[in-house]
Amino acid sequence: PFKPSIQTTNKRKHNFYNILICCGGAGRPSSIDFFKIMKKIVNKFEILDNSVKFTLILGNSKEKFKSSNLNTLKWSKNFSKLVTEHDLIISEAGYFTMVELLFSDIISIIIPGDRRIDNQEIRSVRMEKFGFGYFYFPMENWRIIFKKIIEIKKNKTKSLQKSKAEAYKNIFIKPNKNIKTEIIKLLND
């Protein structure tokens, strides 16, 4: 079984509010939508709040990001360390990334990629339902995500996490055959 490599620590000391943006391999078509949302958010913070700094892992993406509040990396050989250096993570919902984030004790905003066989939507909905972060669908207005980031920063929220073992069982269990029905049911509970 997969064992996450993150060593939990909430002892980050810095003058900025640091946000890590990651999108797995970022070579999938859905990553284009993800990066469009992230560009708008990064640009808005550049104008409104220079205390927010972003680190972006581009992966295979060909996207071009330029901003004074953004550090861009192609890859990270030590994703776990990078995660612990940030106050908030914004990511797609790939399996291994979600496991790492679950065990990191760092609040996350998840925007599931459009990958039907990967169940990103269901993992994202379950993550929020069980109190381990927030999710937004890519078609939602980016301003809603922007406002959530401001709220998290203002409230100094570091973690929503409860029992990691319980969350792991609930978030990563195999979805029902009708994923659409399960998502609707989870959203309405």
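Rules of the game
- Residues numbered from 1 in each chain as written.
- Predicted model: local features only at pLDDT ≥ 70, side-chain atom pairs only at ≥ 80, totals over all residues.
- Heavy atoms only, no water.
- Helix = DSSP H or I, 4+ residues; strand = E, 2+ residues; numbered from the N terminus.
- Buried < 20%, exposed > 50% of the residue type's maximum accessible area, 1.4 Å probe, protein only.
- Contact = heavy atoms within 4.5 Å.
- Areas by Shrake-Rupley, 256 points an atom, 1.4 Å probe, with all protein chains shown as cover.
- pLDDT = per-residue confidence, 0-100.
- Phe/Tyr/Trp six-rings, centres within 6.5 Å; stacked < 30°, edge-to-face > 60°.
- Lys NZ or Arg CZ within 6 Å of the ring centre and 35° of its normal.

Would you mind going over the overall build of the chain with me for this structure?
Counting secondary structure elements, the chain contains seven helices and six strands. When the helices and strands of the chain are listed from N to C terminus, the series reads β-α-β-β-α-β-α-β-α-β-α-α-α. Taking all 189 residues of the chain together, 51% fall into the buried category. For the chain, restricting intrachain contacts to residue pairs at least 6 apart in sequence, the fraction spanning at least 24 positions comes to 68%. Total accessible area computed for the chain in this model is approximately 10,300 Å², and 54% of it derives from carbon and sulfur atoms.

Just checking my understanding: could you explain the confidence of the model for the chain for this structure?
Fine structural detail should not be taken from predicted coordinates in areas where pLDDT scores are low. Averaged over every residue, the pLDDT of the chain is 78; the share at 70 or more is 70%. Segment residues 1–11 is flagged for pLDDT under 50; beyond a separation of four residues in sequence, or across chains, it makes 21 contacts in the model.

What exactly am I supposed to notice about the packing of aromatic side chains here?
What characterises a pair of aromatic rings is the spacing of the ring centres plus the angle enclosed by the ring planes. Under the definition given, this model contains six aromatic pairs. Both rings, one in Tyr95 and one in Phe96, keep their centres 5.2 Å apart while their planes meet at 90°; by these two values the pair is edge-to-face. Following the ring pairs from residue to residue traces out a cluster consisting of Phe45, Phe54, Trp142 and Phe146. In this structure, Lys148 is placed above the aromatic ring of Tyr134, and the distance from its NZ or CZ to the ring centre is 4.1 Å.

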